[in-house]
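The lines below spell out each chain.
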Amino acid sequence: MLSFTKVSVPFTAFRCLSLIRNSFVGTMAASVVKKFLGTIFLLFACVLVILSLLVIKTLLSSPHKQEFAKCDPSDKDFIKLDEKRIQTLSQAISIKTVSYQQGILSFGALKEIHQLIFKAYPILHTSPLVHLETVNNYSLLYYVKGSDEALKPYMLAAHLDVVPAENLEDWDVPPFAGVIDDKYIWGRGAIDDKHSVFGILEALEFLLKRGEHPVRSFYVALGHDEEVMGTQGAREIGKLLISRGVKLQYILDEGMTIFDHCIPGVDEAFAVLVNGYIVLVYCGEEATDR
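Not measured: the values here are computed from a predicted model.

Undergrad: Please clarify how the overall build of the protein chain should be interpreted in this entry.
TA: Along its length, the protein chain carries six helices and 10 strands. Across the 290 residues of the protein chain, 30% fall into the buried class. If you take every contact in the protein chain between residues at least 6 apart in sequence, the share linking residues at least 24 apart comes to 67%. When the accessible area of the protein chain is evaluated, it comes to approximately 19,600 Å², of which 63% is carbon and sulfur surface.

Undergrad: I would appreciate a short explanation of unusual backbone geometry in the present structure.
TA: Trans peptide bonds make up the majority, and among non-glycine residues the majority have a negative phi. A cis amide bond links D192 to the next residue, D193, at an omega of 10°. Structurally, D193 can be placed in the loop between β5 (154-159) and α4 (194-209). Positive phi outside glycine occurs at N136, with the angle close to 55°. Here N136 shows up in the loop between β3 (130-135) and β4 (139-144). Phi is positive for M229, which is not a glycine, with a value near 85°. Tracing the chain through its elements places M229 in the loop between β6 (218-223) and α5 (234-243). Judged by its relative accessible area of 60%, M229 is exposed.

Undergrad: Looking at this structure, I do not really get helix α2 (residues 83-94). What am I missing?
TA: The α-helix winds at 3.6 residues per turn, so residues separated by three or four positions along the chain end up facing the same way. Here α2 spans 16 Å end to end across 12 residues, near enough to the 16 Å set by a 1.5 Å rise per residue. Residues of α2 that are buried include every one of I86, T88, L89, S90, A92 and I93, and no others. Those residues of α2 that are buried lie in contact with α3 (107-120) and α4.

Undergrad: Before we go on, may I ask you to explain the pattern of salt bridges in this structure?
TA: Close approach of charged atoms lets side chains of opposite charge pair. A full pass over the atoms with the stated rule returns seven salt bridges. For E149, the salt bridge is made with K145, and the minimal N-O distance between the two is 3.6 Å. What makes K145 partly exposed here is its relative accessible area of 37%. E212 is the partner of R210 in a salt bridge, and the nearest nitrogen-oxygen pair spans 2.9 Å. On the accessibility criterion, R210 (33% relative accessible area) is partly exposed. The network of salt bridges with common partners includes D77, R210 and E212.

Undergrad: How should the sheet that holds β3 be read in this particular structure?
TA: Whenever strands of a sheet pair, they do so through backbone hydrogen bonds, lying parallel or antiparallel. With mixed pairing, five strands are arranged side by side in an open sheet as β3-β4-β6-β5-β7. Either end of the sheet is taken by a strand with one partner, and the two such strands are β3 and β7 (251-252). Note: β5 against β6, six bridges, orientation parallel. Paired with L156 across the bridge in β6 is V220.

Undergrad: I would appreciate a short explanation of a nonpolar patch on the surface in the present structure.
TA: A contiguous nonpolar patch, built from F36, L37, I40 and L43 and spanning about 410 Å² of accessible area, is present on the exposed surface. Mapped onto the secondary structure, F36 falls in helix α1 (residues 2-60). Residue classification places F36 among the exposed positions, given a relative accessible area of 53%.

Undergrad: For this particular structure, what's the right way to read the confidence of the model for the protein chain?
TA: Predicted coordinates in regions of low pLDDT should not be interpreted in detail. Mean pLDDT for the protein chain: 83, with 77% of residues reaching 70 or above. Overall, residues 1-14 carries pLDDT values under 50, and its contacts beyond four positions in sequence, including any with other chains, amount to one contact. Segment residues 275-283: pLDDT under 50, and 22 contacts once partners within four positions in sequence are set aside and those in other chains are kept.

Undergrad: Even after reading the chapter, I still don't get the nonpolar core, so can you show me in this structure?
TA: For soluble globular proteins, nonpolar side chains are generally found buried alongside one another. I117, Y142, F198 and L222 are the most contacted members of the largest nonpolar core, which has 32 residues in total. Each residue touching I117, except ones within four places of it in the same chain, is listed here: H125, L140, Y142, L160, V197, F198 and L201. The next biggest cluster of nonpolar side chains, apart from the first, holds seven residues, and it includes M155, Y219, I237 and L241.

Undergrad: Please clarify how the packing of aromatic side chains should be interpreted in this entry.
TA: To describe a pair of aromatic rings, you give the distance between the ring centres and the angle between the ring planes. Per the counting criterion, the structure on display carries six aromatic pairs. Each ring, one from Y121 and one from F198, has its centre 6.3 Å from the other, and the planes form 45°; the classification is tilted. Within this pair, whereas Y121 is found in the loop between α3 and β3, its partner F198 is found in helix α4, the two being separated by 77 residues in sequence. Relative accessible area serves as the criterion here: at 1%, Y121 is assigned to the buried category. Given the relative accessible area of 3%, F198 is considered buried.

Undergrad: How do you make sense of the environment of K76 when you look at a structure like this?
TA: Relative to the elements of secondary structure, K76 occurs in the loop between α1 and α2. Contacts of K76, omitting those with residues within four sequence positions, involve F206 and R210.

Conventions used here
- Residues numbered from 1 in each chain as written.
- Predicted model: local features only at pLDDT ≥ 70, side-chain atom pairs only at ≥ 80, totals over all residues.
- Heavy atoms only, no water.
- Helix = DSSP H or I, 4+ residues; strand = E, 2+ residues; numbered from the N terminus.
- Buried < 20%, exposed > 50% of the residue type's maximum accessible area, 1.4 Å probe, protein only.
- Contact = heavy atoms within 4.5 Å.
- Areas by Shrake-Rupley, 256 points an atom, 1.4 Å probe, with all protein chains shown as cover.
- Expected span 1.5 Å × (residues − 1).
- Salt bridge = Lys/Arg side-chain N within 4 Å of Asp/Glu carboxyl O.
- Pairing = 2+ DSSP bridges.
- Patch = residues over 30% accessible without salt bridge, like charges linked within 9 Å, V, L, I, M, F, W, Y side chains within 5 Å.
- pLDDT = per-residue confidence, 0-100.
- Core = buried A, V, L, I, M, F, W, Y, C linked by side-chain atoms within 4.5 Å.
- Phe/Tyr/Trp six-rings, centres within 6.5 Å; stacked < 30°, edge-to-face > 60°.

What follows is the structure in structure tokens.
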């Protein structure tokens, strides 16, 4: 018995110590887990509250809608679509400024479309308000000086290049013929994006010819490799402006046409505006107003 007692006492003490230690460790582990779960729950509750507030704010607030008067031929700012303007865009479409892949571009065609632009818009290229520089040999960057230089400038952006024209048998007209019929000008680049390029330039020529002087300065950036990520054109323009400390009020880049009953199940007209990596979709009356 004495021997058993001498052995069992240390053993019992060891067991008690082990039980106390395990209980303590178990209590600590449970406490840590409890705190962790509490933190997760708190974060989830915060996210839920923020999302709820955003949903409520969205439902209660009405979108800002700016009214624009419909274009009318009697307006002083109305640009009539005369034969010269039609032929200029048609000729631009016929120039094969194709971007095949990064680094493989139609460099000769890009120089050719430069010459067309210089010839078609003489007032733009001789105005003391306008400064033009060529970026990375093929992109064009215009700066139009405003009367109030304290205002941040904005930028209008478009691109000179087009994607290749494949599956020629599927085309109703040759893609680079610049075909003109009684309603449209047909060809590769007609709506991506030479219409933007020449629309901007036509407006500039029109306003400068009339002696207009903008209040806010602005840039017109015409990239040459947008269809293959714009690493040689748009990126270089951006780097140039950053190096000069230029900060823009906004950038207006290319968009798409207004789609009306083009997609099954979508009854409202909608427009898609693209700016960099941001895609904005306007539906219904708001699309047609814009």
